[in-house]
Amino acid sequence: MPLKPISPIPTTPLVAHIAAHVRQRFMGEGSGHDWFHIERVWRLARRIAEAEGAPLEVAELGALLHDIADWKFHAGDDSIGPRTARTLLEQAGAAPALIDSVVDIVASISFKGAGVATPMASLAGACVQDADRLDALGAIGIARCFAYGGHAGRPLYDPEDSPVLHASAEAYKAARGTSLNHFHEKLFLLKDRMNTATGRRLAEARHQFMHAFVDRFLAEWQGEDAPL
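Note on numbering: residues in each chain are counted from 1, in written sequence order. Where local features are concerned, this predicted model is filtered to residues with pLDDT of at least 70; where side-chain atom pairs are given and counted, the filter is 80 or more; whole-chain, interface and lining totals use all residues. Heavy atoms throughout the structure, all of them, feed into the side-chain values; hydrogens and water do not.

Caption draft 1: Highlighting the overall build of the protein chain. Each helix and strand counted, the protein chain has 10 helices and zero strands in total. The numbering of helices and of strands both runs from the N terminus, where a helix is a DSSP run of H or I of at least 4 residues and a strand a run of E of at least 2. Each helix (α) and strand (β) of the protein chain, taken in turn from the N terminus, gives the series α-α-α-α-α-α-α-α-α-α. On C-alpha atoms alone, the protein chain measures out to a radius of gyration of 18 Å, which is about the 17 Å that the 2.2 N^0.38 rule sets for 228 residues. By its C-alpha atoms, the protein chain is 65 × 40 × 35 Å across when sized along the principal axes. Counting over 228 residues, the protein chain shows a buried share of 49%. We call two residues contacting when some pair of their heavy atoms lies within 4.5 Å. For the protein chain, restricting intrachain contacts to residue pairs at least 6 apart in sequence, the fraction spanning at least 24 positions comes to 67%. Note on areas: Shrake-Rupley, 1.4 Å probe, and residue coverage restricted to the protein chains presented here. Accessible area of the protein chain: about 11200 Å², with a carbon and sulfur share of 56%. Under this rule, positive means Lys or Arg and negative means Asp or Glu; His and the chain ends count for nothing. The location of each charge is read from NZ of Lys, CZ of Arg, CG of Asp or CD of Glu. Distance between charge centres in the protein chain, computed from 23 positive and 28 negative side chains, equals 4 Å. Here the globule rule is a power law, 2.2 Å times the number of residues to the power 0.38, and the radius of gyration is based on C-alpha atoms. Any residue under 20% of the maximum accessible area for its type is buried, any over 50% is exposed, and the rest in between are partly exposed; the area is computed with a 1.4 Å probe on protein chains only.

Put into structure tokens, the structure is as follows:
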């Protein structure tokens, strides 16, 4: 029997409160943006923040709230997430400076296209962005890519549909390419966009695993994976 995932021990009562709220809100979501994704990002963000010397409470809260109202599920509106995060933190009694730091992470974290820079204003934000991007890589990243593709009604692959390196956030949001194209349009780009030394080290093996998967996928698609 597989081991049950272990959540981090929250550093503060505020982190514990937000974690409980987010867990209840996202449990059972089916697009790959569920509680377990958030939990993995939470663990990774703590691990990276500890290694890089970033403030843990800010990193933990940023990780827990980073998908609180993702634009992909709200008609492309990327203002809903920051507003929702601010409301939740205010209701929980968080200090204004802490709220501003976490809301900035929520507002800035998302990938917005190959040609769009998404810098983070704080070290804690850099750690959370790396953690979120690491969960889009490797075996779990592959599973999440196809889970979201199915949720969005996207084909697995179409040899006549070429990947597009989107030059603007608007073009990226409007894209309806295949799941396999998403590797070229986003996932293969993430390794070189890690912010921290820890993130870059963790990304390498996951990046190579995805390349091996795509090579195998294309070989099987052509029926060339093994001699007859």
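Next comes the rest of the account.
Caption draft 2: Representation of the packing of aromatic side chains in the model. Geometry of aromatic contacts follows a simple scheme: Phe, Tyr and Trp rings, the Trp one being its six-membered ring, pair when their centres are within 6.5 Å, and the pair is stacked under 30 degrees between planes, edge-to-face over 60, tilted otherwise. Counting across every chain of the model gives 11 aromatic pairs. Put simply, the rings of Phe146, Tyr157, Phe183, Phe188, Phe213, Phe217 and Trp221 pair up and form one aromatic cluster.

Caption draft 3: Expanded view of helix H5 (residues 96–108). Given a rise of 1.5 Å per residue, 13 residues ought to cover 18 Å, and the 18 Å separating the end C-alpha atoms of H5 matches this to within 8%. Against helix H1 (13–26), helix H3 (56–65), helix H4 (80–91) and helix H6 (123–134) lie the buried residues of H5. Every helix has an expected span of 1.5 Å times one less than the residues it contains.

Caption draft 4: Inspection of the environment of serine 31 at higher detail. Topologically, serine 31 is positioned in the loop between H1 and helix H2 (35–52). Expressed as a C-alpha distance, the spacing of serine 31 and tyrosine 148, which sit 117 residues apart in the sequence, is 4.6 Å.

Caption draft 5: A look at the environment of tryptophan 42. Considering the arrangement of structural elements, one finds tryptophan 42 in helix H2. We classify tryptophan 42 as buried; its relative accessible area is 2%. C-alpha separation for the pair tryptophan 42 and serine 7, spaced 35 residues apart in sequence, amounts to 8.3 Å. Dropping the residues within four chain positions of it, tryptophan 42 is found in contact with Ser7, Pro8, Pro10, Val15, Ala19, Trp35, Glu60, Ala63 and Leu64. As used in this structure description, the phrase polar contact means that two N or O atoms lie within 3.5 Å; if the pair is within protein, one of them must be able to donate a hydrogen and the other to accept it, and residues adjacent in sequence are counted only when both atoms belong to side chains. In this structure the side chain of tryptophan 42 is engaged in a polar contact, spanning 2.8 Å, whose partner is the side chain of glutamate 60.

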